[in-house]
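Notes for the structure review
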Amino acid sequence: MFSELDRPYRKNLVSHGLIYMGGEEHDIIIKNLSINGALVELHSKNEDMDIRYIFNTLLASTILDIYLPEMRLAGEVEVTRVDMDGDHILIALEFKNMTYDVDQDLNKRKVYRKIMPGVGKILLNDEYREFTAVNVSVEGLMICLSEILTVETGTITRIEFKRLELEGEVKVIWSDIISDNRTLLGLQYAHMENMAIKGIPRFARQQIA
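Conventions adopted
Residues numbered from 1 in each chain as written. Predicted model: local features only at pLDDT ≥ 70, side-chain atom pairs only at ≥ 80, totals over all residues. Heavy atoms only, no water. Phe/Tyr/Trp six-rings, centres within 6.5 Å; stacked < 30°, edge-to-face > 60°. Helix = DSSP H or I, 4+ residues; strand = E, 2+ residues; numbered from the N terminus. Pairing = 2+ DSSP bridges. Salt bridge = Lys/Arg side-chain N within 4 Å of Asp/Glu carboxyl O. Buried < 20%, exposed > 50% of the residue type's maximum accessible area, 1.4 Å probe, protein only.

1. Quick word on the packing of aromatic side chains
Aromatic rings considered in pairs are described by the distance between their centres and by the relative angle of their planes. Applying the stated criterion across every chain yields a total of 3 aromatic pairs. Considering the side-chain rings of Tyr 112 and Phe 203, the 5.1 Å spacing of their centres and the 55° angle between planes classify their relative orientation as tilted. Residue Tyr 112 is located in the loop between helix H2 (103-109) and strand E7 (114-115), and its partner Phe 203 is located in the segment after strand E13 (182-192); the two are separated by 91 residues in the primary sequence. An aromatic cluster is present here, built from Tyr 67, Tyr 112 and Phe 203 joined pairwise through their rings.

Written as structure tokens, this is what we have:
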């Protein structure tokens, strides 16, 4: 039998946040928090949201996105348990891929960027070059090229990123040469053939009360 010493310390608190589940953002209240995860209470505007709906949603994946503005945390969590407390739905979450101190980035970029490695192609200097995605948002993405390449800010070009079924035109917002002879590019969607960006929350800073 496990003793209380075996369990990570959990701090009781009341803090608000957002969770992305079933293609929608939902308000949550943090009931308690530890270094490993959190227990949250779901407050959804979706009237059909019940425990059966949640279980059906989690059949696709138990990994969700979360944003906790008061703690300046954002990233991925895994659902480990779903319970009812009277009329309230409680969800136990385990932290998987979290970023701290996200307020400055969210204020600058306005929307959440999800870490999403994946390979795609971008047309530069009349040649399709392979890139690795670093992070993705509903407005654009950051990519890495395994070569040094000079790309002018404002360049309009085409990309293909099959993981999100993205194909179309993007605008280069910034570029930077980094270590190991690699190039980082910040891209903004310009004209995409499929603008339904699936699986990426907005988590806009102004949404948080």
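2. What to know about the pairing of strand E2 (residues 24-33)
Of the strand pairs in this sheet, E2 and strand E3 (residues 37-43) are connected by 6 bridges, and their pairing is antiparallel. Pairing of Asp 27 across the sheet is with His 43, part of E3. Between E2 and E3, which pair antiparallel and follow one another directly, the connecting turn spans 3 residues.

3. Observations concerning the pattern of salt bridges
In this structure the tally under the stated criterion is 10 salt bridges. Lys 31 is the partner of Glu 41 in a salt bridge, and the nearest nitrogen-oxygen pair spans 3.5 Å. With Glu 41 in strand E3 and Lys 31 in strand E2, this residue pair connects regions lying 10 residues apart in the sequence. A residue is classified by how much of its surface remains accessible, and Lys 31, at 35% relative accessible area, is partly exposed. Close ionic contact of Arg 129 with Glu 147 constitutes a salt bridge, the shortest N to O distance being 3.1 Å. With a gap of 18 residues between them, Arg 129 in strand E9 (residues 127-136) and Glu 147 in the loop between strand E10 (140-145) and strand E11 (156-161) connect regions that are remote in the sequence. Residue classification places Glu 147 among the partly exposed residues on the basis of a relative accessible area of 28%. Residues participating in the shared-partner salt-bridge network are Asp 65, Glu 76 and Lys 114.

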